[in-house]
Amino acid sequence: DTHLGSDVHLAYVNLLILGGAEHGLSDLFLAMAYEIKAALPGLPEPEIDQFDSHPELAFKQYLDLTQAALGSSRLIIGLDEFEKLEEWIGAGQMPRDLLDTFRGYIQKDQNIAFAFAGLHKLEEMTADYFNPLFASVRPVRVSFLGKEATFQVLANPPLEDFPLDYSREALERIWQVTSGQPYLVQLVGHYLVSRFNRLTFEKGRSMEPVFGLEDVESVIEDPEFYSQGRYYFAGVYGQAEQGAEGQQEVLKFLAAFPDGISFGGLEARFGADTDRLSEAVKELERHDVLREKDGQWKFTVELMRRWVKDFI
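Scope of this entry: the structure provided in the associated data block. (Residues numbered from 1 in each chain as written. Predicted model: local features only at pLDDT ≥ 70, side-chain atom pairs only at ≥ 80, totals over all residues. Heavy atoms only, no water.)

Quick look at the sheet that holds strand β1 (residues 8–14) now. Two orientations exist for strands paired in a sheet by backbone hydrogen bonds: parallel and antiparallel. Spatially, β1-β2-β3 is the arrangement adopted by the 3 strands of the open sheet, whose pairing is parallel. Edge positions in the sheet fall to β1 and β3 (112–116), since each of these pairs with one other strand and no more. Neighbouring strand axes in the sheet, compared pairwise and without regard to direction, differ in orientation by 20° on average. Its contacts with the sheet place helix α1 (residues 25–39) against β1, β2 (74–80) and β3, and it is angled at close to 145° to β1. Across the sheet, helix α5 (residues 98–106) is in contact with β2 and β3; its angle to β3 comes to roughly 140°. (Pairing = 2+ DSSP bridges. Helix = DSSP H or I, 4+ residues; strand = E, 2+ residues; numbered from the N terminus. Axes fitted to C-alpha atoms, helices over the stretch in contact; angles between N-to-C directions. Contact = heavy atoms within 4.5 Å.)

The structure is reproduced here in structure tokens:
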């Protein structure tokens, strides 16, 4: 949120932290209220008893307090892993009219905005209880970084004093294995810096402050890297369990082919139901998991292929 400006505050809520949301709306709205409080420290603490007994009313009242505290500044309430709402509604843990409630919040105040982020596109959430949101939100596709943007994020982070640099070969390798997927680009960078600090400060090794190809390979071959990135990898793989049938089977098969395989090769493996296979492959392409180049289907992100191959 350092790029939003001093007059814009961000309350970020990752719905994964709610686990199974055993207390339903109370868990959801209380988590949102706490993050709003963190973004605007002048607000009072949310009253747990009120959220437990009347969560929707308690949150509405907290938004009223927020509105008054904002003045002319603005607030963005970001809900990440938005698919969890669909899961909870489907399981009966949240009411089916929850999205109607959110629509009311969206229209409540022009200085308070909601941002819903997730792996699924909103238009793919076809359940009828998602219809209220369609008239009130604008879908924004967040795709991969371009090559030069990837290099910029790594070599020129928004820090006043960043004494480390990258060789051209290291940057090219990171681009090759991430394809510019933003989270993975930053995760590789984070692990490179952590590795440098560990080797220089903890083990006393003298190292040039320039990351080379060997450093990148050490990071992306470390099982701990994939453990740390499991939320991304498992999220993409879990998404493939929904929608067109057979997506996960295609991924597990393709993981053995770093250079990809033709659609004919996929047909030879999965049989004569070409329409079903085509639907699975096209949905994986639509979600940026697979891509086709020169007649070969392969993983868009090499690190994702490695995770499927080694951890599934």
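Turning next to the pairing of β2. Most of β2 is tucked away, with 5 of its 7 residues classed as buried. Here β1 pairs with β2 via 7 bridges, running parallel. Bridge pairing links Val-13 to Leu-79 in β2. Where β2 lies against β3, 5 bridges are found, and the strand directions are parallel. If you follow Ile-76 over to β3, its bridge partner there is Ala-113. (Buried < 20%, exposed > 50% of the residue type's maximum accessible area, 1.4 Å probe, protein only.)

Right, let's talk about the pairing of strand β6 (residues 290–293) for a bit. Bridge analysis of β6 against strand β7 (residues 296–299) gives 4 bridges, and the strand direction is antiparallel. Each residue of the ladder has a partner; that of Lys-293, found in β7, is Gln-296. In sequence, β6 turns back onto β7 through a hairpin of 2 residues, with Asp-294 there showing a positive phi of about 55°.

This paragraph deals with the environment of Asn-156. Looking at where Asn-156 falls in the secondary structure, it is placed in the loop between α7 (147–155) and β4 (165–166). When the C-alpha positions of Asn-156 and Tyr-166 are compared, they lie 9.9 Å apart, and in sequence the two are 10 residues distant.

Another point: helix α10 (residues 213–220). Considered for burial, the residues of α10 that qualify are Asp-215, Val-216, Val-219 and Ile-220. Along the axis of α10, the buried positions cluster into a sector of 125°, meaning they face one direction only. (Arc of directions from axis to C-beta.)

In this section: the packing of helix α13 (residues 247–254) against helix α14 (residues 263–270). Running from N to C, α13 and α14 cross one another at 110°; their axes reach a closest spacing of 11 Å. It follows that α13 is roughly perpendicular to α14 by the angle criterion. Here α13 runs over α14; the crossing is right-handed. Judged by residue contacts, Glu-249, Val-250, Phe-253 and Leu-254 of α13 engage Gly-265, Leu-266, Arg-269 and Phe-270 from α14. A class-by-class count of the residues in the contact of α13 with α14 yields 5 nonpolar, 1 polar and 2 charged. (Parallel < 35°, antiparallel > 145°, perpendicular 65-115°, else oblique. Left-handed = near helix turned anticlockwise from the far one by under 90°. Nonpolar A, V, L, I, M, F, W, Y, C, P; charged D, E, K, R; others polar.)

Attention now goes to the nonpolar core. Residues Tyr-166, Val-250, Leu-266, Leu-303 and Met-304 are the most contacted members of the largest nonpolar core, which totals 47 residues. Counting residues in hydrophobic clusters, the runner-up holds 36 residues, among them Leu-18, Leu-63, Leu-70 and Leu-99. (Core = buried A, V, L, I, M, F, W, Y, C linked by side-chain atoms within 4.5 Å.)

Where α1 meets helix α3 (residues 55–70), the closest approach of the two axes is 9 Å, and the angle between their N-to-C directions is 15°. When the interaxial angle is binned, α1 and α3 end up roughly parallel. Crossing of α1 over α3 shows left-handed handedness. For the pair α1 and α3, the contacting residues are Leu-25, Ser-26, Phe-29, Met-32, Ala-33, Ile-36 and Lys-37 in the first and Pro-55, Glu-56, Phe-59, Tyr-62, Leu-63 and Thr-66 in the second. Among the residues forming the contact of α1 with α3, the class breakdown is 9 nonpolar, 2 polar and 2 charged.

What follows covers the packing of aromatic side chains. As enumerated under the stated definition, the model contains 22 aromatic pairs in all. Arranged with centres 5.6 Å apart and planes meeting at 80°, the rings of Tyr-191 and Phe-225 form a pair that is edge-to-face. Taken as a pair, Tyr-191 in helix α9 (residues 182–202) and Phe-225 in helix α11 (residues 223–228) lie far apart in primary sequence, 34 residues in all. We note that Tyr-191, like Phe-225, is buried. Here Phe-225 and Tyr-226 contribute two aromatic rings whose centre-to-centre distance is 5.2 Å and whose plane-to-plane angle is 85°, an arrangement assigned as edge-to-face. Note on accessibility: Phe-225 and Tyr-226 belong to one class, buried. Within the aromatic cluster, the residues linked to one another by ring pairs are Tyr-183, Tyr-191, Phe-225, Tyr-226, Tyr-232, Phe-233, Tyr-237, Trp-307 and Phe-311. Stacked on the ring of Phe-270, the Lys or Arg Arg-269 has its end atom at 4.7 Å from the ring centre. (Phe/Tyr/Trp six-rings, centres within 6.5 Å; stacked < 30°, edge-to-face > 60°. Lys NZ or Arg CZ within 6 Å of the ring centre and 35° of its normal.)

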